[in-house]
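A closer look at the structure
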Amino acid sequence: MSFENAGNLQNDLAAWKARGEYLKISGHQIFVKDEGDSQLPVLLLIHGFPTSSWDWSGVWDELKTHFRLVALDMLGFGFSDKPNVSSYSIHGQADIVEALIAAKSLDSFHVLAHDYGDTVAQELLARQQSGSGIGRWLSCCFLNGGLFPETHHALLTQKLLLSPLGPLVNKLAGFKRFSANFSSVFGPHTKPAAEELALFWQIINEKDGKHIFHNLITYMRDRKLHRERWVKVLQQSAIPLALINGSLDPVSGAHMVARYQELNCRLDYLGVLAEIGHYPQVEDSTGVVKHYLTFMDGIGYQSK
């Protein structure tokens, strides 16, 4: 596991938050992390559902020796604002990411995304492809995520949250149910410890965040509605693309990689983590960093 000292987790999280900042974007307070030598290339990290930028903490220090790292908690996640509205959308999150890119004056950068963040990255790539995007993408690497709705094996809880029963299911859900569902997508030998689960749950509940799960989950509809647009950008990408995938992920594991290849999407590098589940950066941070830097070397990138 990435978090080796469970007793220090609260201190680690407090330090993580203290080193961040809040930017006013689209009328909301968005939590942002911006660390690393400003002379290094920029790596933008986009987290998944239902977690936050804290997911990157296990790979952060090592990647920071190679890149200036910029990450955010998207609207409705982590330490950012969590308005109780039904208008959450992938396009809206992409707007916030682009506003961050503009606010930080990021001219060119690499992207590392996971889960929900993969879908946000697909929309942002579509904007790049059309010439309307902010900044210039140099490469993109996807960790496990629902790049194709037909291979996204949603959990039963996710399906219920998306249904008319969503508000009730959300209201009744608690830490015990969260722990069982969250742990189920990890590999059999890399499941989170009780202390880690408690910390993830704590972050989710910042600013009463659990109450909006049924609003955030609507991204699953976005994936179906915009499938053609978002798959095409993978097939026609002008920049290098990579996958680092935990094969044992029941949601988007080896079966997602097979579909990616079947659809002839651009793939400059494939990193397979055979014993890992849905959260590679949490379950095997060392493996993710190794694969990511190998991808970077393969496209001619040198950080130092």
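Residues numbered from 1 in each chain as written. Predicted model: local features only at pLDDT ≥ 70, side-chain atom pairs only at ≥ 80, totals over all residues. Heavy atoms only, no water.

Next up on the list: the confidence of the model for the protein. Taken residue by residue, the protein gives an average pLDDT of 92. The fraction at 70 or more is 91%. Throughout residues 1–5 the model reports pLDDT below 50, and contacts reaching past four residues in sequence, or to other chains, amount to 17 contacts. (pLDDT = per-residue confidence, 0-100. Contact = heavy atoms within 4.5 Å.)

The next point concerns the pairing of strand 1 (residues 21–25). Across five bridges, the pairing between strand 1 and strand 2 (residues 28–35) is antiparallel. Residue pairing in the sheet places K24 in a bridge with Q29 of strand 2. Following strand 1, the chain reverses through two residues before pairing antiparallel with strand 2; S26 in that reversal takes a positive phi of roughly 55°. (Pairing = 2+ DSSP bridges. Helix = DSSP H or I, 4+ residues; strand = E, 2+ residues; numbered from the N terminus.)

As summarised here, the arrangement of the eight strands in space is 1-2-4-3-5-6-7-8, forming an open sheet in which the pairing is mixed. Each of the sheet's edge strands pairs with one partner strand only, and the pair in question is strand 1 and strand 8 (269–273). Each neighbouring strand pair of the sheet contributes to a mean axis angle of 25°, computed without reference to strand direction. Here four bridges tie strand 2 to strand 4 (residues 68–72), and the two strands are oriented antiparallel to one another. When the sheet's bridge partners are listed, K33 is paired in strand 4 with A71. Helix 3 (residues 90–103) rests against strand 1, strand 2, strand 3 (42–46), strand 4 and strand 5 (108–113) of the sheet, and its axis sits at about 110° to strand 1. Where helix 12 (residues 254–262) meets the sheet, it contacts strand 7 (241–246) and strand 8, and its direction lies at approximately 155° from that of strand 7. (Axes fitted to C-alpha atoms, helices over the stretch in contact; angles between N-to-C directions.)

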